[in-house]
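# Secondary and tertiary structure notes
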Amino acid sequence: ELQDEVRAREDFIAAFAHELKTPLTAIIGYADLLRSRRLDEEKHFLSSNYIYTEGKRLENMSFRLLDIIVTKREQLEPQPASAKALFQYLEDMFACNGEQELRISYQEGTVFAEANLIKSVLVNLVDNALKASCPGGVVEVEGKQTEGGYEFRVKDYGVGIPEEELKKVTEAFYMVDKSRSRSKNGAGLGLALCVEILRLHKSSLRIESRVGEGTCIRFVLPQA
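Residues numbered from 1 in each chain as written. Predicted model: local features only at pLDDT ≥ 70, side-chain atom pairs only at ≥ 80, totals over all residues. Heavy atoms only, no water.

## Let's talk about the pattern of salt bridges
Taken as a whole, this structure holds 7 salt bridges when the rule is applied. In this structure, the salt-bridge partner of Asp 127 is Lys 131, at a minimum N-O distance of 3.1 Å. Of the two residues, Asp 127 and Lys 131 both sit in helix H4 (residues 115-132), 4 residues apart, roughly one turn of that helix. Note that Arg 218 and Glu 151 form a salt bridge whose closest N and O atoms lie 3.8 Å from each other. Of the two residues, Arg 218 is situated in strand E7 (residues 214-222) and Glu 151 in strand E5 (residues 149-156); the sequence distance between them amounts to 67 residues. A single salt-bridge network, built from bridges that share partners, covers Glu 140, Glu 142 and Arg 153. (Salt bridge = Lys/Arg side-chain N within 4 Å of Asp/Glu carboxyl O. Helix = DSSP H or I, 4+ residues; strand = E, 2+ residues; numbered from the N terminus.)

## Some points on the packing of aromatic side chains
Under the counting rule described, the total for this entry stands at 5 aromatic pairs. Centre to centre, the rings of Tyr 30 and Tyr 50 are 4.8 Å apart; their planes meet at 20°, and the pair counts as stacked. Here Tyr 30, found in helix H1 (residues 2-36), pairs with Tyr 50, found in helix H2 (residues 41-73); they are 20 residues apart in sequence, far enough to count as distant. Using a relative accessible area of 30% as the deciding quantity, one classes Tyr 30 as partly exposed. Classification of Tyr 50 by relative accessible area gives partly exposed; the value is 36%. Centre to centre, the rings of Phe 87 and Phe 152 are 5.6 Å apart; their planes meet at 25°, and the pair counts as stacked. Of the two residues, Phe 87 sits in helix H3 (residues 83-93) while Phe 152 sits in strand E5, which places them 65 residues apart along the sequence. Classification of Phe 87 by relative accessible area gives buried; the value is 0%. Owing to a relative accessible area of 1%, Phe 152 belongs among the buried residues under this scheme. By way of ring pairs, the aromatic residues Phe 87, Tyr 106, Tyr 150, Phe 152 and Phe 219 are connected into one cluster. One Lys or Arg, Lys 119, reaches over the ring of Tyr 89 and ends 4.6 Å from the middle of that ring. (Phe/Tyr/Trp six-rings, centres within 6.5 Å; stacked < 30°, edge-to-face > 60°. Buried < 20%, exposed > 50% of the residue type's maximum accessible area, 1.4 Å probe, protein only. Lys NZ or Arg CZ within 6 Å of the ring centre and 35° of its normal.)

## A few points about the side chain of Thr 215
By the secondary structure assignment, Thr 215 is in strand E7. Separated by 2.7 Å, the side chains of Thr 215 and Ser 209 make a polar contact. Beyond its immediate sequence surroundings of up to four residues, Thr 215 is in contact with Val 154, Lys 155, Asp 156, Gly 160, Ile 161, Ile 207, Glu 208 and Ser 209. (Polar contact = N/O pair within 3.5 Å; in protein donor to acceptor, adjacent residues only side chain to side chain. Contact = heavy atoms within 4.5 Å.)

## A closer look at H4
In this model, H4 (18 residues) spans 26 Å end to end at C-alpha, consistent with the 26 Å of a helix rising 1.5 Å per residue. Within H4, the full set of buried residues consists of Leu 117, Ile 118, Val 121, Leu 122, Val 123, Asn 124, Leu 125, Val 126, Ala 129, Leu 130 and Ala 132. (Expected span 1.5 Å × (residues − 1).)

## A word on the environment of Gln 107
As for its position among the elements, Gln 107 is in the loop between strand E2 (101-106) and strand E3 (110-113). Taking the C-alpha atoms as reference, Gln 107 lies 6.8 Å from Gln 145; in sequence the two are 38 residues apart. Within polar-contact distance, the side chain of Gln 107 engages the backbone nitrogen of Gln 145 at 3.0 Å.

## Some remarks on the sheet that holds E2
What the 5 strands build is an open sheet, ordered E2-E4-E5-E7-E6; its pairing is mixed. Looking at which strands have only one partner, the edges of the open sheet turn out to be E2 and strand E6 (206-210). Sheet twist, expressed as the average angle between the axes of neighbouring strands with direction ignored, equals 10°. Across 8 bridges, E5 lies against E7 in antiparallel orientation. Bridged to Phe 152 within E7 is Phe 219. The sheet strands contacting H3 are E2, strand E4 (138-145) and E5, and the helix crosses E2 at an angle near 175°. Contacts from H4 reach E2, E4, E5 and E7 within the one sheet, and its direction differs from that of E5 by about 20°. (Pairing = 2+ DSSP bridges. Axes fitted to C-alpha atoms, helices over the stretch in contact; angles between N-to-C directions.)

Rendered as structure tokens:
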């Protein structure tokens with residue numbers, strides 16, 4: 001177990017260094033291009049845009065890493081929150097998403113959680129589902145009261161995850177399709193963050209997926 005833990009830490013550090021190196025190399029290269037020669041308007045815009053998007057990816061990665069570190073240290077006391085408020089937050093957050101259709105349905109009820117952390121989980125899951133979907137695809141988000149608590153479900157009909165990858169997708173920096181994820185500013189930290197937040201809530205992710213058919217992810221927030 002100790003050897004596995006050491007290996008996991010080494011893999012984490014190696015992946016982190018790689019994830020930093022890729023956007024930094026691009027940022028430095030395009031910045032050097034801008035300062036060393038006069039470019040036409042189109043090339044100037046493309047170079048500046050690349051620097052901006054890679055910079056935003058670094059920013060996003062650093063924020064998520066900080067979130068993971070915080071969740072590993074904190075204890076929390078779940079408070080009652082409205083399920084309706086959580087889903088309305090999602091509706092507002094993704095209101096301007098134009099490429100895919102987001103269908104949200106839910107039963108009103110009370111969840112016991114740290115609401116802001118659960119919002120982060122839901123945003124990450126929906127964001128991943130949208131990225132995995134083709135333009136014009138559908139992502140379904142559902143919520144319902146169960147005997148064990150309140151269940152959340154996010155389902156897409158996108159690319160899916162190979163069976164051999166399912167156990168790895170919740171590891172920090174792990175990405176099934178690295179080129180696709182990076183092109184959409186992904187860093188492979190979303191599910192790792194979700195796992196830590198749900199662990200604090202005495203919950204966990206259940207992931208079902210088939211290649212070419214899509215992915216369904218569920219979790220249940222226990223009753224108080």
